[in-house]
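Breakdown of the fold
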Amino acid sequence: MTKPQTDPRVHSRLTRRGMILGGAQLTVAGVLGLRMHKMQIVEADTFRMMAEENRISMQLIVPPRGRILDRFGAVLADNRPTYQVTIVRERAGDPQKVLAHVQTILRLTDEDLRQILDEMADRSSFVPVTVAKDITWDELSQISMNAPALPGSSADVVVQRVYPFGTDFAHLIGYVGRANAQDVEDNDGNNALLTMPGFHLGKISIEKAKEASLRGTAGNLSVEVNAAGRVMRSLDRVPPVPGADLQLTVDHHLQNFALARLAGQSAAAVVIDVQNGDLLACASAPTFDPNLFVDGISSTDYNALRDDPYRPLSDKVVQGAYPPGSVLKMSLALAALEDNQVDPDETVYCPGFVEIGGRRFHCWKRGGHGRINLRGALRESCDVFFYEIARRVGIDNLHAMSARLGLGQRPDLPLSGIGSGLNPSRDWKMERYGTDWLVGDTINASIGQGFVLATPMQLAIMSARIASGKKVIPRLFKPQIADDQQDFEDMGLSAGSLALVHAGMTDVVNAERGTARSSRIVAEGQTMAGKTGSSQVFSITAAERAAGVRSQADLPWNRRDHALFTAFAPAIQPRIAVSVLVEHGGGGSLAAAPIARDLVLFYLNGGLPPVDAYPADQRGRMQTSLEELSASILPIDDHAQRKRT
């Protein structure tokens, strides 16, 4: 076969094209080679420095904390902008040198510098550390002007928690503070936010219980920084999601008034709406300023609170457990009536004491009450009558009724250290002491002494349930829906039993021989029904009784009886229930009942009541008292009063 011939002209063209293409490739390769040689050899140090000096830094943005409001929208816990200076160790180069410069601007002490350096050593190098907080505008300006000489440092605007009403809601709302080691350990991996300057988390009560809702979600900021630690530019920003606001059921004016009324005493007061369970006031006195704890309370301030014999750090509303005294007689009366152990018209003779099992149990009235029925026994708080009824009813029925009324049970509320009190039973005593329940134990329990303990919150719940006949459950958060009534379960108590106890409680305050008659309300439609109680702190010996028991005023403060009073109002168609405890107040009728009356009147009148709501013989004294209270409480404008009405 003949081999095809190649045209010489074609071969020539291919050769020229190949040479041109090859030459272009060699030229490009040469240029790239020269450029790579220049970058890698000649300019290597320059580019290495540029790579090291400029890098991306991710910064968390602390979310604004949700606010806490009262039932009418008044802000109880808020955030205020403040200025702070921070430093990041990995950007500062020589932190000591930077801090020495900052010291001349902000007048920091050597101890301040030592603490800052110690904190920097304990934290990751990229975590900002607070150098100074709550600085002035002038100090902020000085820091900004000297920024080139302060690598790694920055002046920022942050929000800080503030409690506008100071001491009024300290126990109820709680306070926030900086995260400690335990907080970081318990926070399920979200530790970076906890270590951010300016971040605080809830420490007690609502601030702690609702931390997840109030905290919000952190944002982040991507910035380019150089080796000096200065931010060159912002690259990307994801804004934080603020925490959710919470609206409480409490009325800040009623709360403020309650604390003003409790001033100077170690005491507690609770006001609850019997129709929907709203807690309108929960006051524990004395109290403290939660603003002191936000950035760390001083040792001097903390020691003063800790060592105060009136225990301002303790929330007596839910943490204090006290013998309820004669307030428990309402539970025993209902237990006896429901079990048909007493007839409403039956009388018991009270000579001032009763002998049971070789032991004498005394009535508070040394000469006795004579013959008295159930309604009269409630009215005059006759101990002997209830001793007799307790023997018939027994501890099992009394325990069951007290449990139905909420005693011995811990209410489901977002507060710290809630106590369950003690509603004793046979099984409890056997488990606790390994001994059988005795008749004497029942006798002591019948008048709220012995093993029985209750918190002021539990006594308010008990009163609300007696007032309504419903299983009232307290709540602290206002529902978002318009219809805020709760459909409480019926207590299953007969109308006759409730009516008789209501009548006895009404007599306590309004009848001629009622133990709290001096605290009656004469304003039409505002009549109060209640029950006094006094619980002994120390037992009275036989020798002391024979010699004549000293009056409460003659005893040292810490040996006086606790004073209790629980009530509901109006007596017909009740709207609120109230409980008041005054530690070592001496007697419920003298120390606790007048406070409860004022709380009832303040609520029903939407502010300080008119003086003619009080009995005529008390109006002069009450006029002076109301004027003094007016000077110490928050002013109520007409709009706020109309809302309450």
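Below you will find a few notes about this structure. Please read all numbers here as calculations on a predicted model, not as lab measurements.

Below, the discussion takes up the overall build of the chain. Assigned secondary structure in the chain consists of 24 helices and 19 strands. Of all 645 residues assigned to the chain, the portion counted as buried reaches 48%. Of the contacts formed within the chain by residues at least 6 apart in sequence, a portion of 73% connects residues at least 24 apart. Here the chain has roughly 30800 Å² of accessible surface; of this, 52% comes from carbon and sulfur atoms.

With that settled, consider the packing of aromatic side chains. One pass over the structure, following the stated rule, counts 11 aromatic pairs. Taking 4.3 Å as the distance between ring centres and 20° as the angle between the ring planes, the aromatic pair formed by Tyr175 and Phe293 counts as stacked. In this pair, Tyr175 sits in the loop between helix 7 (170-173) and strand 6 (176-177) while Phe293 sits in the loop between strand 12 (279-285) and helix 13 (299-307), placing the two residues 118 residues apart along the sequence. Exposure remark for Tyr175: the relative accessible area of 14% places this residue in the buried category.

Looking along a regular strand, one sees the side chains alternate between the two faces of the sheet. Pairing of strand 2 (residues 68-69) with strand 3 (residues 75-87), which is carried by 2 bridges, proceeds in the antiparallel orientation. Paired with Ile68 across the two strands is Ala77, which belongs to strand 3. Bridging between strand 3 and strand 4 (residues 129-135) involves 5 bridges; their strand directions are antiparallel. Bridge pairing in strand 4 links Tyr83 to Ile135.

Turning next to the environment of Asp110. As for its placement among the helices and strands, Asp110 is situated in helix 5 (residues 110-122). Judged by relative accessible area, which is 61%, Asp110 ranks as exposed.

Turning our attention to the sheet that holds strand 11 (residues 267-273). Here 5 strands make up an open sheet; going across it, the order is 12-11-19-18-17 and the pairing antiparallel. Both outer strands of the open sheet, strand 12 and strand 17 (529-535), are each paired with one neighbouring strand and no more. Neighbouring strand axes in the sheet, compared pairwise and without regard to direction, differ in orientation by 5° on average. The sheet contacts of helix 12 (residues 252-262) involve strand 11 and strand 12, and relative to strand 12 the element is tilted by about 30°. Set on the sheet, helix 20 (residues 495-510) makes contact with strand 17 and strand 18 (562-569); between it and strand 17 the angle comes to about 75°.

For side chains bearing opposite charge, pairing can occur when the charged atoms are close. Within this structure, the stated rule accounts for 23 salt bridges. Put simply, Asp307 and Arg306 hold a salt bridge, and the shortest N to O gap is 3.0 Å. A single network of salt bridges, built from pairs that share partners, joins Arg65, Arg161, Glu207, Glu211 and Arg215.

Before going further, it helps to spend a moment on the packing of helix 12 against helix 22 (residues 588-605). Viewed as axis vectors pointing N to C, helix 12 and helix 22 meet at an angle of 155°, and their least axial separation amounts to 10 Å. The orientation of helix 12 relative to helix 22 falls into the category roughly antiparallel. In this structure, the crossing between helix 12 and helix 22 has a hand that is right-handed. Contacts between helix 12 and helix 22 involve His253, Leu254, Phe257, Ala258, Arg261 and Leu262 from the first element and Pro594, Ile595, Asp598, Leu599, Phe602 and Tyr603 from the second. Classifying every residue of the contact of helix 12 with helix 22 gives 9 nonpolar, 1 polar and 2 charged.

Within the largest apolar cluster, 93 residues are counted, with the highest numbers of intra-cluster contacts made by Phe385 and Met457. For this core, the element with the highest residue contribution is helix 16 (residues 383-404), accounting for 10 residues. In this view, Phe385 contacts Val342, Glu346, Val348, Ile372, Asn373, Leu374 and Ala377; residues no more than four positions away in its chain are not counted. Within the second largest apolar cluster, 43 residues are counted, among which are Leu262, Val271, Met528 and Ile576.

Over its 13 residues, helix 5 runs 19 Å from end to end, which matches the ideal 18 Å to within 8%, given 1.5 Å per residue. Those residues of helix 5 that fall on the buried side of the exposure criterion are Leu113, Ile116, Glu119 and Met120. Within helix 5, the buried residues cover an arc of 130° as seen down the axis, which keeps them to one side. Along helix 5, the residues that are exposed and aim more than 90 degrees away from the buried face are Asp110, Ala121 and Asp122.

So, about helix 20. Turn by turn, an α-helix covers 3.6 residues, leaving residues three or four places apart pointing in a common direction. Under the 1.5 Å per step criterion, the end-to-end length of helix 20 is 22 Å for 16 residues, consistent within 8% with the ideal 22 Å. For helix 20, every residue scored as buried is listed here: Ser497, Leu498, Leu500, Val501, His502, Ala503, Gly504, Met505, Asp507, Val508 and Val509. Taken together, the buried residues of helix 20 touch helix 14 (329-338), helix 15 (374-380), helix 19 (456-468), strand 17 and strand 18.

Evaluated as defined, the whole model comprises 0 disulfides. We note that Cys350 lacks a disulfide partner, and the nearest cysteine sulfur, in Cys382, lies 3.6 Å from it. Looking at Cys350, the relative accessible area reads 1%, which means it is buried.

Moving on: empty space enclosed by the protein. Tallied over the full model, the rule gives 2 cavities of 30 Å³ or more. Empty space within the largest cavity amounts to approximately 40 Å³. Around the largest cavity, the lining residues are Leu328, Ile395, Leu398, His399, Ser402, Asn423, Pro424, Ala445 and Val452. In terms of residues, the lining of the largest cavity owes the most to one element, helix 16, which gives 4 residues. Reported here for the second largest cavity is a volume of approximately 30 Å³. Those elements giving two or more residues to the lining of the second largest cavity turn out to be helix 7, helix 12 and strand 12.

The rules behind the values
- Residues numbered from 1 in each chain as written.
- Predicted model: local features only at pLDDT ≥ 70, side-chain atom pairs only at ≥ 80, totals over all residues.
- Heavy atoms only, no water.
- Helix = DSSP H or I, 4+ residues; strand = E, 2+ residues; numbered from the N terminus.
- Buried < 20%, exposed > 50% of the residue type's maximum accessible area, 1.4 Å probe, protein only.
- Contact = heavy atoms within 4.5 Å.
- Areas by Shrake-Rupley, 256 points an atom, 1.4 Å probe, with all protein chains shown as cover.
- Phe/Tyr/Trp six-rings, centres within 6.5 Å; stacked < 30°, edge-to-face > 60°.
- Pairing = 2+ DSSP bridges.
- Axes fitted to C-alpha atoms, helices over the stretch in contact; angles between N-to-C directions.
- Salt bridge = Lys/Arg side-chain N within 4 Å of Asp/Glu carboxyl O.
- Parallel < 35°, antiparallel > 145°, perpendicular 65-115°, else oblique.
- Left-handed = near helix turned anticlockwise from the far one by under 90°.
- Nonpolar A, V, L, I, M, F, W, Y, C, P; charged D, E, K, R; others polar.
- Core = buried A, V, L, I, M, F, W, Y, C linked by side-chain atoms within 4.5 Å.
- Expected span 1.5 Å × (residues − 1).
- Arc of directions from axis to C-beta.
- Disulfide = S-S within 2.5 Å.
- 1 Å grid on protein atoms, 1.4 Å probe; cavity = no way out; pocket = protein on both sides within 12 Å on 5 of 7 lines; lining within 4 Å.
- Points joined across faces, edges and corners; volume = space filled by probe spheres on them.

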